[in-house]
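Each chain, letter by letter, is given below.
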Amino acid sequence: MKMPVGYHKHCDKCYNVHCQVPAQTSVSCIVVKCHKNCGASLHMCKQEEHQLLCPNEIVPCLNVYYGCPLTMLRHRLAKHLEVCPASLVCCSQEWNRWPISETDLTFYRNVSENPVVNTEENLDVAMAHRDQEQLFQSIKMKNIFPELILEDSAVQNIAAGINSPADNACCSVDGGEYTENGSAKLDEELSQEERDTLAKCTDVTSIQNYSSWEKIFNKEKEGCKETIKNLNKGEKGKEKEDQESSKSQKELHQGGECPVTARTMDGATGLAPWQDGVLERLGKEVNIAEYNMYLVHNGVMLINFGQLAACTPREKDFVYGSLEPIEVKSVRTFNVPTSYRAKRNHLKDPSRKAQTTHQSVDTSDLGISIEDLPKCEEVSTTLLCSLEKELKGHSISESVSTDGLYTDIGTQTYIFSSAPFKQDASLADVIAGKPCRLYLYIEAESVTRRHNKTSSAFSYMCGHYFRRDEYCFHFKNVHSDIQASLNGWFQQRCPLAYLGCTFTQMRFHPTGQEAIVKFSKDGSTLVLQPKANSSLCAGGKTFSPQRNDAQNLDPLSSLPLEIIQHIAGYLDSFTLSQLSQVSHLLREMCATLLQERGMVSLKWEKKKHSSEGSSWICQKKVWKFSSQFSSVDRWSFSDTPSMSNHLGTCSFYQREDRTEPVALPCLGEVRDKHGKLKHKR
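Residues numbered from 1 in each chain as written. Predicted model: local features only at pLDDT ≥ 70, side-chain atom pairs only at ≥ 80, totals over all residues. Heavy atoms only, no water.

### Focus: the overall build of the chain
The number of helices and strands found in the chain is 21 helices and 22 strands. Every one of the 681 residues in the chain was classed for burial, and the buried ones make up 30%. The long-range fraction of contacts in the chain, counting pairs at least 24 apart against all pairs at least 6 apart in sequence, stands at 61%. Accessible surface, the chain as shown: approximately 48300 Å² in total, 53% of it carbon and sulfur. (Helix = DSSP H or I, 4+ residues; strand = E, 2+ residues; numbered from the N terminus. Buried < 20%, exposed > 50% of the residue type's maximum accessible area, 1.4 Å probe, protein only. Contact = heavy atoms within 4.5 Å. Areas by Shrake-Rupley, 256 points an atom, 1.4 Å probe, with all protein chains shown as cover.)

### Topic: a nonpolar patch on the surface
Together, Val64, Tyr65 and Tyr66 line one region of the surface with nonpolar side chains, adding up to about 380 Å² of accessible area. Relative to the assigned elements, Val64 resides in the loop between β3 (58-60) and β4 (71-73). (Patch = residues over 30% accessible without salt bridge, like charges linked within 9 Å, V, L, I, M, F, W, Y side chains within 5 Å. Salt bridge = Lys/Arg side-chain N within 4 Å of Asp/Glu carboxyl O.)

### Quick word on the state of the cysteines
Following the criterion strictly, the structure yields zero disulfides and no others. Free cysteine: Cys38, not disulfide-bonded; nearest cysteine sulfur from Cys34 at 3.5 Å. Of the residues examined, Cys38 reaches a relative accessible area of 25% and is grouped as partly exposed. Left without a disulfide partner, Cys376 is nearest to the cysteine sulfur of Cys385, which lies 8.6 Å away. (Disulfide = S-S within 2.5 Å.)

### Some remarks on empty space enclosed by the protein
Taken as a whole and assessed by the stated rule, the structure comprises one cavity of 30 Å³ or more. What lines the largest cavity is simply Arg97, Asp124, Ile442, Glu443, Ala444, Gln483, Leu486 and Asn487. In terms of residue class, the lining of the largest cavity is built from three nonpolar, two polar and three charged. (1 Å grid on protein atoms, 1.4 Å probe; cavity = no way out; pocket = protein on both sides within 12 Å on 5 of 7 lines; lining within 4 Å. Points joined across faces, edges and corners; volume = space filled by probe spheres on them. Nonpolar A, V, L, I, M, F, W, Y, C, P; charged D, E, K, R; others polar.)

### Considering the pairing of strand β21 (residues 614-624)
Pairing of strand β20 (residues 599-608) with β21 involves ten bridges; the strand directions are antiparallel. Note that in β21 the partner of Lys608 across the bridge is Ser614. The turn joining β20 and β21, which pair antiparallel and follow one another in sequence, is formed by five residues; a positive phi near 60° is taken by Glu612. (Pairing = 2+ DSSP bridges.)

### Points about the packing of aromatic side chains
Here the structure, examined in full by the defined rule, presents eleven aromatic pairs. Look at Phe416 and Phe421: their rings are 5.9 Å apart centre to centre, the planes differ by 50°, and that puts the pair in the tilted class. Residue Phe416 is classed as buried on the basis of its relative accessible area, which comes to 6%. Relative to Phe475, the ring of Tyr471 has its centre 6.3 Å away and its plane inclined at 45°; by these criteria the two rings are tilted. With Tyr471 and Phe475 both in helix α15 (residues 471-482) and four residues apart, this pair spans about one turn of that helix. Since its relative accessible area comes to 24%, Tyr471 is described here as partly exposed. The class for Phe475 is partly exposed, based on a relative accessible area of 31%. One aromatic cluster in this structure is built from Trp489, Phe490, Phe508, Trp635 and Phe637. Its end group placed over the ring of Tyr15, Lys46 keeps NZ or CZ at 4.8 Å from the ring centre. (Phe/Tyr/Trp six-rings, centres within 6.5 Å; stacked < 30°, edge-to-face > 60°. Lys NZ or Arg CZ within 6 Å of the ring centre and 35° of its normal.)

### Quick notes on the pairing of strand β6 (residues 94-97)
Neither face of β6 is exposed, since Glu94 and Asn96 on one face and Trp95 and Arg97 on the opposite face are all buried. Alignment of β6 against strand β13 (residues 458-461), held across four bridges, turns out to be antiparallel. From the neighbouring strand, Trp95 faces β13, where its bridge partner is Tyr460.

### Side note on helix α11 (residues 288-304)
For α11, spanning 17 residues, the distance from its first C-alpha to its last is 23 Å, which sits close to the expected 24 Å at 1.5 Å a residue. Residues Glu290, Tyr291, Tyr294, Asn298, Gly299 and Leu302 constitute the buried set of α11. Phi turns positive one or two residues past the end of α11, at Gly306, with a value near 80°. (Expected span 1.5 Å × (residues − 1).)

### Here's the deal with the pattern of salt bridges
Side-chain pairs of opposite charge can arise where the charged atoms are in close proximity. Tallying each qualifying case throughout the model produces eight salt bridges. In this structure, Glu656 engages Arg658 in a salt bridge whose closest nitrogen and oxygen atoms are separated by 3.0 Å. Using a relative accessible area of 68% as the deciding quantity, one classes Arg658 as exposed. Taken together, the salt bridges that share partners define one network made up of Arg97, Arg130 and Asp131.

### Remarks on the side chain of Gln628
For Gln628, the location among the structural elements is in the loop between β21 and β22 (635-637). Using a relative accessible area of 5% as the deciding quantity, one classes Gln628 as buried. Ignoring any residue separated from it by four or fewer positions in sequence, one finds Gln628 in contact with Phe466, Glu470, Phe473, His474, Asn477, Asp572, Ser573 and Phe574.

### Some remarks on the confidence of the model for the chain
For the chain, mean pLDDT is 75; residues scoring 70 or higher make up 66% of the total. In this model, residues 158-188 is a region of pLDDT below 50 whose contacts with residues beyond four sequence positions or in other chains number 43 contacts. In the model, residues 251-267 has pLDDT below 50 throughout and makes 30 contacts with residues more than four positions away in sequence or in other chains. (pLDDT = per-residue confidence, 0-100.)

### Description of the nonpolar core
In this structure, Leu135, Phe136, Phe145, Leu383 and Phe421 are the most contacted members of the largest nonpolar core, which totals 27 residues. Secondary-structure elements contributing two or more residues to this core are α4 (123-138), α5 (141-144), α13 (378-392), α14 (427-430) and β13. Of all the elements, α13 adds the most residues to this core, at four residues. Other than its neighbours up to four places away in sequence, Leu383 contacts Leu135, Phe136, Ile139, Tyr439 and Phe458. Of all hydrophobic cores here, the second largest spans 17 residues; its members include Ala126, Val478, Leu486 and Leu526. (Core = buried A, V, L, I, M, F, W, Y, C linked by side-chain atoms within 4.5 Å.)

### A word on unusual backbone geometry
Note the cis peptide between Ala419 and Pro420, where omega equals 0°. Residue position: Pro420 is located in the loop between β11 (407-408) and α14. For Asn37, which is not a glycine, the phi torsion comes out positive at approximately 60°. Assessed through its relative accessible area of 67%, Asn37 is described here as exposed. Unusually for a residue other than glycine, Ser524 sits at a positive phi of about 55°. Inspection of the secondary structure puts Ser524 in the loop between β18 (515-520) and β19 (525-530).

Set out below in C-alpha cells:
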C-alpha cells in the first residue's frame with residue numbers, strides 16, 4: 001500500500017511531547033510548537049491536522065451558511081453565538097380569543113364607532129384589531145361555504161358537455177363541420193394573413209381556457225392516429241386497400257388533418273363514429289384489440305350519435321340479464337346494551353311521544369321571494385360556521401350520526417349580498433372597503449402547548465423573530481409584564497365598560513424614565529415611546545423634509561457623523577429601525593450597526609424546472625432590526641388620577657335616588673320576635 005506524501009510511521013502513533021526519536025525522512029520528523037501560540041507541541045507533519053482543532057485559528061462563524069459574515073478565533077465561537085446576527089429565535093407564545101356574544105355588543109359597538117378609542121394607547125383594543133385582521137386573512141371562504149364559490153367557466157363547460165355533438169346540430173373536426181347524417185360542410189378557406197391575425201387576437205370568449213382545451217384535443221388526435229395506424233397494419237394483405245390507404249394518408253399529412261377524417265369521405269365504407277354500421281365494419285376488418293382501442297377513443301361520440309348504447313339492454317346481458325330483483329330488507333345488527341340509559345324525553349315513555357310527520361320544507365313555503373329574504377352578515381356567520389366546524393368536525397346542520405339509533409339530518413343555506421365568492425377569496429377580501437367593527441373579545445387567554453385548547457376560541461401566535469440575546473427581554477416585558485396584565489392591572493378600564501364606557505388609563509411606566517407603552521401598527525407589536533420635551537424639537541415646530549434639497553435636513557442629520565453614531569449606540573433595535581427611515585444619511589449610518597445590533601435571515605424563492613419539478617433556492621440575505629424595545633427591569637405606578645374621579649363625570653354612571661322607605665326582609669323577623677316577647681310578658 002502506497003503511503004501519502006509526508007506520512008511518518010512513528011509520528012502517526014506518537015503523542016509524547018518530549019519525543020527523542022531522531023528525525024528521519026521515512027520514519028519521523030521533529031517536534032515543533034503551534035505557530036498560533038496555543039501551547040500545543042506536535043510533530044511537524046501534523047500541523048495541517050492541528051489547524052482543524054487549534055483554538056487560536058481564525059475561522060468563520062458556525063452560522064456562515066445562514067448569513068453571518070463574521071470571522072473570529074475558534075475559542076470565541078461559543079460566546080459569539082449569544083449575539084450572532086444569524087442565530088435567531090422565533091417567539092412561539094400563543095393565546096386565545098373568543099368571539100363576542102350578542103349580549104356584549106354595546107361596548108364593542110362604541111369602541112368601533114369612536115375614532116378616539118382606536119388609538120395606539122388602547123393596547124387591548126389595538127391588539128384585538130391586529131389579531132382580527134390576521135384571522136380574517138386566514139379564513140378561506142371555499143373551506144366554509146364551498147357551495148357559494150364561483151366555479152371556473154372552463155370546468156363548468158366541460159362538466160356540462162357544452163359544444164358536444166349531442167347538444168349541437170353539428171360538430172367541428174379539423175376545420176370542417178359535419179352534420180348528424182354524416183355529410184360534410186367545409187368552411188371557406190382563410191388566407192395565411194387572416195389566420196395569423198386570428199391567432200394573435202385576444203378578444204375571444206374564454207381565451208384563458210385555451211390550454212385546457214388544447215390538451216383535450218391533442219389527446220383525441222393522438223388516439224385517432226394510433227387507431228388508424230393499427231387499422232392500416234391489418235389491411236396489408238389487400239393491395240388495393242393498401243394503395244388507397246397510403247394515398248389518403250399522404251394527402252392528410254400534407255394538409256395537417258387528423259387521419260380519422262380520411263374515412264369520412266368514403267360514404268358507407270368510412271370508419272367515422274357518426275357513420276351508420278361503423279361497428280359492424282370494424283368487427284369484420286380488425287382484430288379484437290384494435291376494436292377495443294377504437295371504442296376507448298371514440299366511445300363518447302358513438303354514444304352521442306346512437307351507434308352504441310349507453311347501457312347494455314337486459315336481453316343482451318348474459319351475466320345479469322336473467323337475474324330477478326330481490327327485495328331489500330333493512331336488518332338492524334345493533335343491539336341496545338342493557339346498561340343504556342336514554343337521555344331523551346321521548347325515549348323514556350314511548351306512549352307520550354309526540355306525533356310527527358316527515359315533510360320536506362323549503363323557503364318557498366314561506367311565501368316570500370328569494371330577493372326579499374333577509375341577508376346573512378358575512379363576518380358573524382363565517383365565524384360561527386368556522387367555530388362549529390372546528391368544534392364538531394362538520395358544518396352546521398350537516399347530516400351526522402349522534403348514536404346507534406338516530407341520525408340528525410338537516411340542511412342550512414346562507415344568502416349573502418356579496419356572494420358568490422372567488423376561488424381564493426378570504427374573509428378579509430369579502431369585507432374589504434366596508435366599515436368593520438370588532439368581533440373578538442379584547443381579553444386574551446394565554447395558553448401553553450401542554451394544555452388542551454378549546455375549539456370554540458381562535459388561537460394566535462406571536463411569530464416575531466429576535467436575536468438570541470433579545471428574546472428573553474421580549475418575552476418578559478411584552479408577554480409576561482404587559483400582555484398578561486392588560487385586563488385590569490397594567491391598563492385599567494372604567495367599571496361601567498359593560499354598559500358602553502370606553503374610558504381607559506395606563507397605571508404603570510418604566511422605573512427611572514418617562515415613557516409610555518404603545519402599539520405600533522407598522523411593526524405589529526408593543527413598543528416603548530419616551531416622552532420627549534417639545535422644546536428639544538426646534539422649539540416645538542414640526543419638521544417637513546423636502547426631496548432633492550440638501551439644505552433642508554432634520555435637526556439630527558445636521559450633527560457631525562461621529563456624534564450621530566455615538567447617539568445611535570444607545571438606541572434599541574426598534575428605534576434604530578425607525579431612525580433608518582428618516583433620511584438617506586441616517587439609513588446609511590444605521591447600516592453600519594447591522595452586524596452588531598441587527599439580524600440576518602435568508603429569503604427563499606421557489607424555482608420551477610423544465611422537468612415539471614421545483615426546488616427552493618436562496619434569493620438573497622435580508623438584514624434588518626428586530627422589534628425589541630429597551631429592556632425594562634422594574635415598573636412603577638404612574639401619576640394617574642383615581643378611577644373614582646372619572647366615575648364622577650362618567651356619562652354611563654347614572655344614580656338612582658330612592659326616597660320612599662323600603663322594608664328590609666330581616667325587619668319582619670325582628671317584629672315577630674318583639675311581638676312574641678310582649679305577648680309572654
